[in-house]
Each structure stands twice: as C-alpha cells, then as structure tokens.
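# Tertiary structure, described
The primary structure of each chain is shown beneath.
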Amino acid sequence: APSALYITHSNATNTTLLRLTNSVSNAGYGPLELWGRVSEDGATHSVAQRIFQADGSYQERLMGEFVFHPGHNHWHLESFSLYELWALAENGTLDQVAATSGKVSYCLRDIHRIPHPNQAPRMGYGTCTYGRQGLSVGWADVYDHYLPGQSIDISDLPDGVYALMSTADPYNLIQESDETNNAAVVYLEIKGQRVSIVDRPSSLDS
C-alpha cells in the first residue's frame, strides 16, 4: 500500500499535492522481463514482454511503449501505475474517485527484496534503458514520494476521510499469473495541510 504520505502547497501556483511513496513487487513464478524495440520516430519504443517457460525457452508479446521521461532522465514503461483518491460512502465503502494522478509511467528495476520462497538471489534488472527492464521474482521497485509523478492534486478537495488506491498495470498490459493482486488501499484523513493514516471506517458517522 502507499506510504510516506504528506501534503505540500505551492503559493506560486496555489496548488496542494498529496505526495506518496509506492512500491510494486514481483510475487509470481518467473521474472517480469521487458524488451524495447526502436520505433521509427525515435521518441518511443515498442515493448515486448518476454515470458519464460519452465524448460528455459520463451515467448514474446507486444504490450506497450517505453518513453523517455525528462523528469527522471531515463526511460519508462508508459501507463504502468495509477493512483486514485476515493471519496467514501456513508457505510465506509469506496464511492467515487475524487482525485487521480492520471497515468504514471515507471522504470521497472530491482530495488528491494521481498519475502518469497523462490526469490532470485541477486538483482537481475538495475538500469532504466530502452533496451531491457524488469522485476526479478521476490524483488520490488520503489518510487519515493519526492519523485516527479508521485503525487495527486488535492487543491479542490475538502477535509475528510478518503481511500488512497494504488493500482499496478491498471490497463492490463502485462501478462501475469495472478491478475487479482494489483491494487492496494490505505485510508487517510486530510485536515488542512496535514494527512494521517486511519483505520478502515465501518461508518463515516461513527
């Protein structure tokens, strides 16, 4: 789930942002490996997912684009992540999207290990080139709160309790062994320029 939440405000633009750290891990059976293919315009590169078989062979399927990200100064997979702030119904369930980050691009690489019985013993993907990116089994990629794109504009939102949902691969570009574990939610309360994590509310009136 998103973490390291805090709010910033710019007097120059009169903009208030909710900033967040997000991480995505590979809990599957094999590596997530992506290969860029140079496009004619040179600004984008089509991406093939390389899917490995148990015998060591592999298949490839086209699934997206690598685009150069000037804010990070390296190449990202387009539309890999989505952050949404949900308003809650009176019974505490998610009601409607109150604010969103829009499409967030990612450079996919191994940053931290996660508990996994078949964890890759060493980092397999460590660069953000347009040639090859990915996530090894049992490894996570982390995007810290201070990086470009790690925010939601909440300038027009009233104080209250919301649900912050982070979704990996929201447009189902990547073939996975499990498509049901791509979203995580944290509940938070906004009061002016402060934000705090709260328990999941059973009722907004309680």
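Summarised in this report is the structure supplied together with it. Owing to the predicted nature of the structure, the values given are computational and were not obtained by experimental measurement. (Residues numbered from 1 in each chain as written. Predicted model: local features only at pLDDT ≥ 70, side-chain atom pairs only at ≥ 80, totals over all residues. Heavy atoms only, no water.)

### Quick look at the state of the cysteines
The condition that has to hold: Throughout, disulfides are identified as pairs of cysteine sulfur atoms within 2.5 Å of each other. Strands are runs of DSSP state E lasting at least two residues, helices are runs of H or I lasting at least four, and both sets are numbered from the N terminus onward. Burial status follows relative accessibility: with a 1.4 Å probe on protein chains alone, a residue under 20% of its type maximum counts as buried, one over 50% as exposed, and anything between as partly exposed.
For the coordinates displayed, the defined rule picks out one disulfide. Disulfide pairing is shown between Cys 107 and Cys 128; the S-S distance is 2.0 Å. Measuring handedness by torsion sign, the sulfur bridge of Cys 107 and Cys 128 sits at about -85 degrees and is left-handed. Linking Cys 107 in the loop between β7 (94-106) and β8 (112-113) with Cys 128 in the loop between β8 and β9 (132-135), this pair joins segments that are 21 residues apart in sequence. Cys 107 gets classed as buried once you look at its relative accessible area, which sits at 1%. For Cys 128, a relative accessible area of 10% gives the class buried.

### Section: the nonpolar core
This is how it is decided: The criterion is simple. A nonpolar core is a set of buried Ala, Val, Leu, Ile, Met, Phe, Trp, Tyr and Cys residues joined through side-chain atoms within 4.5 Å. We call two residues contacting when some pair of their heavy atoms lies within 4.5 Å.
Counting 33 residues, the largest nonpolar core has Leu 18, Leu 77, Leu 85, Leu 164 and Leu 188 as the members making the most contacts within it. Counting only elements with at least two residues in this core, the list comes to β1 (3-10), β2 (15-25), β3 (32-38), β5 (58-69), β6 (74-88), β7, β12 (160-168) and β13 (183-191). Ranked by residues supplied to this core, first place goes to β6 with five residues. The residues contacting Leu 188, other than those within four sequence positions of it, are Leu 5, Leu 18, Leu 85, Gly 160, Val 161, Tyr 162, Leu 164, Val 195, Ser 196, Ile 197 and Val 198. Membership of the second largest hydrophobic core comes to five residues, among which are Trp 86, Ala 163, Met 165 and Tyr 187.

### Observations concerning a negative patch on the surface
The following threshold applies: Candidates for patches are residues over 30% relative accessible area with no salt bridge; among them, like charges are joined within 9 Å and nonpolar side chains (Val, Leu, Ile, Met, Phe, Trp, Tyr) within 5 Å. The protein chains shown are the only cover counted for residues, whose accessible areas, like all others here, come from Shrake-Rupley with a 1.4 Å probe. When a carboxyl oxygen of Asp or Glu is within 4 Å of a side-chain nitrogen of Lys or Arg, the pair counts as a salt bridge. Charged residues are defined narrowly, with Lys and Arg counted positive, Asp and Glu counted negative, and His plus the chain ends left uncounted. Lysine's charge is taken at NZ, arginine's at CZ, aspartate's at CG and glutamate's at CD.
Taken together, the side chains of Glu 40, Asp 41, Glu 65 and Glu 78 define an acidic patch exposed on the protein surface. With respect to the secondary-structure elements, Glu 40 resides in the loop between β3 and β4 (44-52). On the accessibility criterion, Glu 40 (87% relative accessible area) is exposed.

### Details of the packing of aromatic side chains
The following threshold applies: Between the rings of Phe, Tyr and Trp (Trp by its six-membered ring), a pair exists once the centres lie within 6.5 Å; its type follows the angle of the planes, with under 30 degrees stacked, over 60 edge-to-face, and the other angles tilted. Cation placement over rings: the criterion is NZ of Lys or CZ of Arg within 6 Å of the ring centroid and within 35° of the ring normal.
Across all of its chains, the model carries five aromatic pairs by this definition. The interplanar angle of 45 degrees and the centroid separation of 5.2 Å between the aromatic rings of Phe 80 and Tyr 106 together place this pair among those described as tilted. A residue pair is termed long-range when its members are at least 10 positions apart, and Phe 80 in strand β6 and Tyr 106 in strand β7 qualify at 26 residues. For the pair Phe 80 and Tyr 106, a shared accessibility class is recorded, and that class is buried. Clustering of aromatic rings is evident, with ring pairs tying together Phe 68, Trp 75 and Tyr 130. Positioned above the aromatic ring of Tyr 58 is the side chain of Arg 50, whose terminal nitrogen or guanidinium carbon lies 4.1 Å from the ring centre.

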